[in-house]
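# Survey of secondary and tertiary structure
So you can see what is in the structure, the chains are spelled out below.
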Amino acid sequence: MKNQFKMSFLPIALALNVFPSFAQEDPDEAQPAAGVESQQLFFAESELKVIEDEGLRLVNKARVDAGLRELIFVEDLHQAARRYSAEMAKRHFMSHVDPQTHEELRERMDKAGIRFRIAGENLGKARIPGAALAEIARRQVEFWLKSPSHRQNIMDGVFEESAIGAASTPSGKVYFTQFFLVRKK
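A brief structural summary. (Residues numbered from 1 in each chain as written. Predicted model: local features only at pLDDT ≥ 70, side-chain atom pairs only at ≥ 80, totals over all residues. Heavy atoms only, no water.)

## Observations concerning the overall build of the protein chain
The criterion, for reference: Helix and strand definitions here come from DSSP, where helices need a minimum of 4 consecutive H or I residues and strands a minimum of 2 consecutive E residues; each element is numbered from the N-terminal end. In this scheme, a residue with accessible area under 20% of its type's maximum is buried, one over 50% is exposed, and one in between is partly exposed, where area comes from a 1.4 Å probe on protein chains only. The criterion used for residue contact is that any of the two residues' heavy atoms lie within 4.5 Å.
A tally of regular secondary structure across the protein chain gives six helices and seven strands. Residues classed as buried in the protein chain amount to 49% of the 185 residues present. Contacts in the protein chain between residues far apart in sequence, at least 24 positions, make up 75% of those at least 6 positions apart.

## Some points on the packing of aromatic side chains
Quick reminder of the rule: For this analysis, a ring pair means two rings from Phe, Tyr or Trp (six-membered ring only for Trp) whose centres lie within 6.5 Å, classed as stacked if their planes differ by under 30 degrees, edge-to-face if by over 60, and tilted for the remaining angles. Consider the ring centre and the ring normal. A charge sits over the ring if Lys NZ or Arg CZ is within 6 Å of that centre and within 35 degrees of that normal.
Under the definition given, this model contains four aromatic pairs. Taking NZ or CZ as reference, Arg108 lies 3.7 Å from the ring centre of Tyr84, over its face.

## Topic: the pattern of salt bridges
Which entries qualify depends on this criterion: Each salt bridge in this description consists of a side-chain nitrogen of Lys or Arg and a carboxyl oxygen of Asp or Glu lying within 4 Å of one another.
The tally for this structure, following the rule as stated, stands at 15 salt bridges. Across the pair Glu135 and Arg138 runs a salt bridge whose closest N-O atoms are separated by 2.6 Å. Of this pair, Glu135 and Arg138 both sit in helix α5 (residues 133-146), separated by three residues, roughly a single helical turn. Overall, Glu135 belongs to the partly exposed group, its relative accessible area being 21%. With a closest N to O distance of 2.7 Å, Glu135 and Arg139 form a salt bridge. Of the two residues, Glu135 and Arg139 both sit in helix α5, four residues apart, roughly one turn of that helix. Looking at Arg139, the relative accessible area reads 40%, which means it is partly exposed.

## Notes on the side chain of Asp98
What counts here: Here a polar contact is taken to be a pair of N or O atoms separated by no more than 3.5 Å, where protein atoms must pair a possible hydrogen donor with a possible acceptor and residues adjacent in sequence count only if both atoms sit in side chains.
Position of Asp98 among the secondary structure elements: in the loop between β4 (93-94) and α4 (105-111). Taking the relative accessible area as the measure of exposure, Asp98 reaches 3% and is therefore buried. Of note is the side chain of Asp98, whose polar atom sits 2.8 Å from the backbone nitrogen of Gln100. Look past the residues within four positions of Asp98 in its chain and what remains in contact with it is Tyr84, Arg91, Phe93, Glu103 and Arg108.

## A short note on unusual backbone geometry
Even without being a glycine, His92 presents a positive backbone phi close to 55 degrees. Locating His92 in the fold gives a position in the loop between α3 (75-91) and β4. Unusually for a residue other than glycine, His102 sits at a positive phi of about 65 degrees. Structurally, His102 can be placed in the loop between β4 and α4. Classification of His102 as partly exposed rests on a relative accessible area of 45%.

## Quick word on the side chain of Glu161
For Glu161, the position within the fold is in strand β6 (residues 161-168). You can call Glu161 buried: its relative accessible area is 13%. Ignoring any residue separated from it by four or fewer positions in sequence, one finds Glu161 in contact with Leu71, Ile72, Val74, Leu77, Phe179, Phe180, Leu181 and Arg183.

Okay, structure coming up:
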């Protein structure tokens, strides 16, 4: 069976899927200096983990409230999701297609060594000055649940596994990637 994809798009990302050579760049963020590989992060890794865990908890609560089973957290998905969020944060873009490498979800899964039958992806970004970590997660999940295409991934009963990866910019913007998966058996 050929791999299937279920992707959710923000309104601008939907247009970008048609024209994958463009990506949504963030005019509020300064571009990193040439040759700079790393940048100071606004949130520590432990704080990002709190945001990620709370996000998945809220996604699972919404699923259970709708009569669905919880998604299982899997570390390899988490690491892949965090890597993609870090790329988006570092290069200040948000797109289901990487504007430099043109990689899509399939390639991200292949790079991580994840074999799947069906995969999905939700992306997001938020800057909520002064918000508690749990509030950042709550607002992102709330946005996804209000967006029909993002909600479709969250509420799709076929998915078994999921993980949210987050990364921040120096100014405090948080980029999110949530992967959904049914593995090859």
